[in-house]
Amino acid sequence: MVIGGADIFAASLPQAARIYLTEIHHDYPGDVRVDLPRDGWREVSREDIAAAEGTPAYSFVTLEKR
């Protein structure tokens, strides 16, 4: 498991076979995004969760290396 900033994610990608990604469907001030390469990866699952009671919508996404 890798938890860290963009540089740590980028350094770890060559060794990764699967990515578990949470996409939050809301913009926050000061938010930082990590641009994951989509080439060479395929989405194998997605669970979309609707916004509710002050919580933004989000998705759990699983990517696997081709």
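Not measured: the values here are computed from a predicted model.

J.: So what's going on with the side chain of Glu-23? Which residues, and what values?
T.: Residue placement: Glu-23 occurs in strand β1 (residues 18-24). Polar contacts involving the side chain of Glu-23 include one to the side chain of Arg-46, which spans 3.0 Å. Contact partners of Glu-23, with chain neighbours within four places excluded, come to Arg-38, Arg-46, Ala-57, Tyr-58, Ser-59 and Val-61.

J.: Mind laying out the packing of aromatic side chains, listing which residues take part and the relevant values?
T.: Scanning the entire structure with this criterion turns up 1 aromatic pair. When the centroid spacing of 5.3 Å and the interplanar angle of 75 degrees are considered together, the rings of Tyr-58 and Phe-60 count as edge-to-face.

J.: An account of the pairing of β1 is needed here, citing residue identities and associated values.
T.: Burial along β1 is one-sided: Ile-19, Leu-21 and Glu-23 are buried, and none of Arg-18, Tyr-20, Thr-22 and Ile-24, which face the opposite way, are. Where β1 and strand β3 (residues 58-65) come together, 7 bridges link them in antiparallel fashion. What sits directly across from Glu-23, in β3, is Ser-59.

J.: Any chance you could break down the layout of surface pockets for me, citing the residues and the numbers?
T.: The calculated volume of the largest pocket comes to roughly 920 Å³. Taken together, the elements giving at least two residues each to the lining of the largest pocket come down to α1 (6-12) and β1. Class assignment of the residues belonging to the lining of the largest pocket gives a composition of 14 nonpolar, 5 polar and 6 charged.

J.: Account for the environment of Asp-31, naming residues and giving values.
T.: Mapped onto the secondary structure, Asp-31 falls in the loop between β1 and β2 (41-49). Along the sequence, Asp-31 and Arg-42 sit 11 residues apart, while their C-alpha atoms lie 26 Å from each other.

J.: If you had to explain the sheet that holds β2 to someone new, which residues and values would you point to?
T.: Taking strand neighbours across the sheet as the criterion, the 3 strands line up as β1-β3-β2 in an open arrangement whose pairing is antiparallel. The open sheet is flanked by β1 and β2, the only strands paired with a single partner. On average, each strand axis in the sheet is inclined to that of its neighbour by 20 degrees, with strand direction left out of account.

J.: Report on the pattern of salt bridges, specifying residues and quantitative values.
T.: Inspection of every chain in the model, using the stated rule, returns 5 salt bridges. In this structure, Glu-64 and Arg-18 form a salt bridge, with 3.0 Å as the shortest nitrogen-oxygen distance. One end of the pair, Glu-64, is in strand β3; the other, Arg-18, is in strand β1, and 46 residues separate them in sequence. For Arg-18, a relative accessible area of 43% translates into the label partly exposed. The partner of Arg-46 in a salt bridge is Asp-48, and the shortest N-O contact between them spans 3.8 Å. Linked through salt bridges whose partners overlap, the residues forming this network are Glu-23, Glu-43, Arg-46 and Asp-48.

How each quantity is defined
- Residues numbered from 1 in each chain as written.
- Predicted model: local features only at pLDDT ≥ 70, side-chain atom pairs only at ≥ 80, totals over all residues.
- Heavy atoms only, no water.
- Helix = DSSP H or I, 4+ residues; strand = E, 2+ residues; numbered from the N terminus.
- Polar contact = N/O pair within 3.5 Å; in protein donor to acceptor, adjacent residues only side chain to side chain.
- Contact = heavy atoms within 4.5 Å.
- Phe/Tyr/Trp six-rings, centres within 6.5 Å; stacked < 30°, edge-to-face > 60°.
- Buried < 20%, exposed > 50% of the residue type's maximum accessible area, 1.4 Å probe, protein only.
- Pairing = 2+ DSSP bridges.
- 1 Å grid on protein atoms, 1.4 Å probe; cavity = no way out; pocket = protein on both sides within 12 Å on 5 of 7 lines; lining within 4 Å.
- Points joined across faces, edges and corners; volume = space filled by probe spheres on them.
- Nonpolar A, V, L, I, M, F, W, Y, C, P; charged D, E, K, R; others polar.
- Axes fitted to C-alpha atoms, helices over the stretch in contact; angles between N-to-C directions.
- Salt bridge = Lys/Arg side-chain N within 4 Å of Asp/Glu carboxyl O.

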